[in-house]
Amino acid sequence: MSAALKDLRDQVERMLDEADKKAGSWDEDPSTWFQRRENEARNLTRRLTSAFEARIKDDWQGAAVKIAGIRSTSTQGLWGAVRNWLAAADKRIAAGGSS
């Protein structure tokens, strides 16, 4: 399972990196940054749900992401929850893929 989880983890990381690049930085255009980031969050949600049957909740209270039995949360929204999911996947991989 560890190799499959590593591959899945790498795919999720690539999707997050792509969304980050598309959203751009605050410095590029502060007036539209929040809208770009929101648009990319919606796109990332669709991509993760479609590709990995992810369960995602993202609202004013924060976000939760569950992919492949690994669940993570963040009060900083989807971006933080996905980063926390990556960290949780890393821990599971380091433990040999066990629950």
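Everything discussed here concerns the structure shown above.
Since the model is a prediction, treat every value here as computed from it, not as a measurement. (Residues numbered from 1 in each chain as written. Predicted model: local features only at pLDDT ≥ 70, side-chain atom pairs only at ≥ 80, totals over all residues. Heavy atoms only, no water.)

Q: Would you mind going over the packing of helix α1 (residues 2-23) against helix α2 (residues 30-52) with me for this structure?
A: Two quantities define a packed helix pair, namely the angle between the axes and the distance from one axis to the other. Running from N to C, α1 and α2 point in directions that differ by 155 degrees, and their axes come no closer than 8 Å. On the basis of their axis angle, the class for α1 and α2 is roughly antiparallel. The handedness of the crossing between α1 and α2 is right-handed. Seen from α1, the contacting residues are L8, Q11, V12, M15, L16, E18, A19, D20, K22 and A23; seen from α2, they are W33, R36, R37, E40, L44, R47, L48, A51 and F52. (Axes fitted to C-alpha atoms, helices over the stretch in contact; angles between N-to-C directions. Helix = DSSP H or I, 4+ residues; strand = E, 2+ residues; numbered from the N terminus. Parallel < 35°, antiparallel > 145°, perpendicular 65-115°, else oblique. Left-handed = near helix turned anticlockwise from the far one by under 90°. Contact = heavy atoms within 4.5 Å.)

Q: How should the packing of aromatic side chains be read in this particular structure?
A: Aromatic ring pairs are defined here through the distance separating the ring centres and the angle between the ring planes. All chains considered together, the criterion is met by three aromatic pairs. Both rings, one in W26 and one in W33, keep their centres 5.7 Å apart while their planes meet at 75 degrees; by these two values the pair is edge-to-face. Residue W26 is classed as partly exposed on the basis of its relative accessible area, which comes to 40%. Ring geometry for W26 versus F34: centroids 5.5 Å apart, planes at 75 degrees, classification edge-to-face. Every member of this aromatic cluster is reached through a ring pair, and the members are W26, W33 and F34. Positioned above the aromatic ring of W79 is the side chain of R37, whose terminal nitrogen or guanidinium carbon lies 4.0 Å from the ring centre. (Phe/Tyr/Trp six-rings, centres within 6.5 Å; stacked < 30°, edge-to-face > 60°. Buried < 20%, exposed > 50% of the residue type's maximum accessible area, 1.4 Å probe, protein only. Lys NZ or Arg CZ within 6 Å of the ring centre and 35° of its normal.)

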